[in-house]
Amino acid sequence: MGVAILIVLIPFLIFAILLSKGKGASLLAGYNTMSDSEKAQYDEVALCKFMGKIMYGISFSILLFALSEMLEIQILFIIGLILLLTFIIFALVYSNTRNRFKKNI
């Protein structure tokens, strides 16, 4: 089971690398459904880099899940779960407050 979780980790890492380079905004939910005029108001590179960092954190959480399964250490799973929830809540709050990713026009 731990190996299966590691296999799931691979696409998350690829997505994190892609986003951290400032590419792949069309893969972000919500952003890809905006009209072109709405997309022009956002700093696409900054948004991608932020989401890339969040994806690295989520990937680390998934790695902890796999290690917990392989080493049979339950505390790693709990730490991974707490980190995963923290990253998701932080990303939601940070990205949806104060127009952080809007361009200064």
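Just so you know, these numbers come straight off a predicted model, no measurement behind them.

Enquirer: Looking at this structure, how should I read the packing of aromatic side chains?
Expert: Ring pairs (aromatic) are described by centroid distance and by the angle formed between their planes. This model, assessed by the stated rule, comprises 6 aromatic pairs. With centroids separated by 5.4 Å and ring planes inclined at 25 degrees, the aromatic side chains of phenylalanine 90 and tyrosine 94 adopt a geometry described as stacked. Of this pair, phenylalanine 90 and tyrosine 94 both sit in helix 4 (residues 74-95), separated by 4 residues, roughly a single helical turn. Classification of tyrosine 94 by relative accessible area gives partly exposed; the value is 29%. Of the aromatic side chains, those joined through ring pairs into one cluster are Phe50, Phe90, Tyr94 and Phe101. Over the ring of tyrosine 94 we find arginine 100, and its NZ or CZ is 4.1 Å from the ring centre.

Enquirer: Is there a simple way to think about the side chain of serine 59 in this case?
Expert: Secondary-structure assignment places serine 59 in helix 3 (residues 44-71). The class for serine 59 is buried, based on a relative accessible area of 3%. Look past the residues within four positions of serine 59 in its chain and what remains in contact with it is Leu9, Phe12 and Leu13.

Enquirer: Which parts of the structure should I look at to understand helix 4?
Expert: The end-to-end C-alpha separation of helix 4 is 32 Å, in line with the 32 Å expected for 22 residues at 1.5 Å each. Looking at the buried positions of helix 4, the neighbouring elements they touch are helix 3.

Enquirer: Would you take a moment to explain the side chain of serine 68 for this structure?
Expert: Assignment of secondary structure puts serine 68 in helix 3. For serine 68, the side chain forms a polar contact with the main-chain oxygen of isoleucine 73, separated by 3.0 Å. Those residues within four positions of serine 68 in sequence are excluded, and the remaining contacts are Ile73, Gln74, Leu76 and Phe77.

Enquirer: Even after reading the chapter, I still don't get the UniProt feature "transmembrane region" (unreviewed entry) in the protein, so can you show me in this structure?
Expert: The sites that UniProt annotates as "transmembrane region" (unreviewed entry) are residues 73-94. Between the end C-alpha atoms of residues 73-94 the distance is 32 Å, and the span holds 95% helix and 0% strand.

Enquirer: Please clarify how helix 1 (residues 2-20) should be interpreted in this entry.
Expert: Helical geometry: 3.6 residues make up each α-helical turn, so side chains three or four residues apart lie on a common side. Under the 1.5 Å per step criterion, the end-to-end length of helix 1 is 26 Å for 19 residues, consistent within 8% with the ideal 27 Å. If you check which residues of helix 1 are buried, you get Gly2, Ile5, Leu9, Ala16 and Leu19. In this structure, the buried residues of helix 1 make contact with helix 3.

Enquirer: Just to check I follow, could you spell out unusual backbone geometry for this structure?
Expert: For residues other than glycine, phi is negative in most cases, and the peptide bonds are mostly trans. If you check the backbone angles, glutamate 72 has positive phi at about 55 degrees while not being a glycine. By relative accessible area, which is 73% here, glutamate 72 ends up exposed. Within the chain, arginine 98 stands out as a residue other than glycine whose phi angle is a positive 60 degrees. Among the secondary structure elements, arginine 98 is positioned in the segment after helix 4. Residue arginine 98 is classed as exposed on the basis of its relative accessible area of 70%.

About the cut-offs
Residues numbered from 1 in each chain as written. Predicted model: local features only at pLDDT ≥ 70, side-chain atom pairs only at ≥ 80, totals over all residues. Heavy atoms only, no water. Phe/Tyr/Trp six-rings, centres within 6.5 Å; stacked < 30°, edge-to-face > 60°. Helix = DSSP H or I, 4+ residues; strand = E, 2+ residues; numbered from the N terminus. Buried < 20%, exposed > 50% of the residue type's maximum accessible area, 1.4 Å probe, protein only. Lys NZ or Arg CZ within 6 Å of the ring centre and 35° of its normal. Contact = heavy atoms within 4.5 Å. Expected span 1.5 Å × (residues − 1). Polar contact = N/O pair within 3.5 Å; in protein donor to acceptor, adjacent residues only side chain to side chain. UniProt positions renumbered as here; feature names shortened; annotations may be inferred.

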